[in-house]
Each structure stands twice: as structure tokens, then as C-alpha cells.
Amino acid sequence: GKKETKAHSGTPRDNTPKILAPEASGSVVFENGTVSIDASHTESGYFMVRYTGTNDKVKLRVTGPDQSEYVYLLSARGEYETFPLPCGSGSYQAQVLEHTGNDMYAVAYSADISASIQDEFSPFLCPNQYVNFSSENKAVQKAEELSLYCENEVQIIDSIYQFIIYQIQYDFEKAKKVHINYLPDIELILHEKKGICFDYAALMCAMLRSQGIPAKLEIGYSGSSYHAWVLVYSSQKGHIHDIISIHEGWTLLDPTYASQHSAQNTLAHTISNTYFSLYTY
């Protein structure tokens, strides 16, 4: 059942949404006739890409300074999409790939982006293609509401976490037929109150980020299952969901599993299970 946010006796933390809206400012741009890569704000942990060509299947391949590789589908024709720089400062390569037939792609444009990130948490506070939100979103307004009486980060994390695990149901039918290039629609997830692990993680990250709390959307393996979960950063210690410990630094939370099991079972699962991250967004 639903758990209500508790009122506390101390001074509430400022719960005004803190949206770090990405901008394609045009001060650092790499481009050709169909591709524009705006790297004006790499110090804030992101860059933006716009494709204006006619190819119907276009991908972005990003190689980080640690040689980790991320591949995205460019889906917003003629508009900029935002992508994180999750590997910290250093040199990134961004390649836009056009479909040439079967499973083959050719490089349409390539650029080397040098990033000197000022705040290590910036990539995990900004919206991006996977954690896509803005100040107008109902998810942002809900996070503000849930944080109303919270005195600190841990209480906000607890309030948002409990809302998601009690109010969002796992969508087994969607899980059976989800497409490999699926992107979460945070507003739709909140409206329908259901989703898959990717949806749980994206919604939770968006709500936390909108309150100025760094959150990573992690995709990889939980045990033998391909899965998505959340890493949340707190400068404070505390307990959420009555039993789960938040320590100083990054804490792993699995809202998908928690939505289907008791706190005790969730705690035992996260302690005993191996989480192997492949990608961080």
C-alpha cells in the first residue's frame, strides 16, 4: 500500500526543483552538412548531437577516455539530443553512424571532444536522452511534492524511493516485447504507473536529479539477468525503507526488485547478488 511522506520537526530542506537544463550554445561545434555536435558545455558533463539527414537509422557511438563504448539511437530528427560524459574528464570520440543495409553502418561524421568536467556529479544531475526530464514534467513536480517536509538528502531519497516502489507496478507484458532501442518516457511511466526495470531506474533518477541529488542509471547484469538499477549519492548517512542503509558516497538501490519484495528480502538480495555494471547514464 501507499506510504505517506512523514512530517518532521526540523527545518525542511529547500525543495525547489534544481534543473540543469542542457543548452546547445554554439560556442564549440563540430559539424558537416547533416551532423552538428555541440560541445559548448562539456565542463558540465554533457554534449549534444543533432542529425538533419535523411537516413532512417542513425546511431551515435561514444568512446570514453577509458575506452568504454556507448551506442545510442539518434531518434529526434532535426533536434538536439543530450548525452552524458560518464567517464569523467578526458578525451571522448563521438561518431555518428548511418545505416547502410542489413546490420551495417558507416561513419557519417566523427569528432574528438575534450572534456574538463568541473563538478564530478554534473553528468548525473543533468537530463539526457535516457533520463529525460524538464521543469514542466509532472515527475519533477511530484518529486518537489514528495520532498516538501524533508530535512535532508536521505529523507528525500527515502520519500522518492518509497513512492516509486509502492506506486509503480512491474509491466510483465511490456518486458516480453520491449524493443532493443527502447527509451523511457518518464511522463508516460508516471501516468500509467507501470514499467520495466529501465523505466523504474529512469524515473527515479529524474526525480532525484530534479532535487539536486546525483543519481546514476546503471545498466548491466544483476546475477544472470540483464537489468537496470540506480546508484544514488549522499553526503549523509541514514536508513530508507526502514532497513536499507544509505552511506556517505554512492549507494546501490534496485527499485524494480523492491517493488515486488519486502524490505528485508530486497536488502538480502542486493547484498547477496552480484551487480555488474556495463553502462552508466
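Residues numbered from 1 in each chain as written. Predicted model: local features only at pLDDT ≥ 70, side-chain atom pairs only at ≥ 80, totals over all residues. Heavy atoms only, no water.

1. A short note on the sheet that holds strand 1 (residues 29–31)
Argument step 1. Strand order in the open sheet formed by four strands is 1-2-3-6, and the pairing between neighbours is antiparallel. Of all the strands in the sheet, the pair left with one neighbour each is strand 1 and strand 6 (81–84). Between one strand and the next, the sheet's axes are offset by a mean angle of 20°, whatever the strand orientation.
Argument step 2. Two strands pair when backbone bridges link them, and strand 2 (residues 35–38) and strand 3 (residues 46–51) are joined in this way by four bridges, in the antiparallel orientation. Bridged to Asp38 within strand 3 is Met48. (Pairing = 2+ DSSP bridges. Helix = DSSP H or I, 4+ residues; strand = E, 2+ residues; numbered from the N terminus. Axes fitted to C-alpha atoms, helices over the stretch in contact; angles between N-to-C directions.)

2. Quick notes on the confidence of the model for the chain
Argument step 1. When the pLDDT values of the chain are averaged, the result is 93; 97% of them are 70 or greater.
Argument step 2. Confidence drops under a pLDDT of 50 for residues 1–7, and excluding neighbours within four residues, the segment shows 10 contacts in the predicted structure. (pLDDT = per-residue confidence, 0-100. Contact = heavy atoms within 4.5 Å.)

3. Some remarks on the sheet that holds strand 7 (residues 90–101)
Argument step 1. Ordered in space as 5-4-7-8, the four strands form an open sheet in which the pairing is antiparallel. Only two strands of the sheet have a single neighbouring strand rather than two, namely strand 5 (69–73) and strand 8 (104–115). Mean inter-strand twist for the sheet, computed between neighbouring axes without regard to direction, equals 20°.

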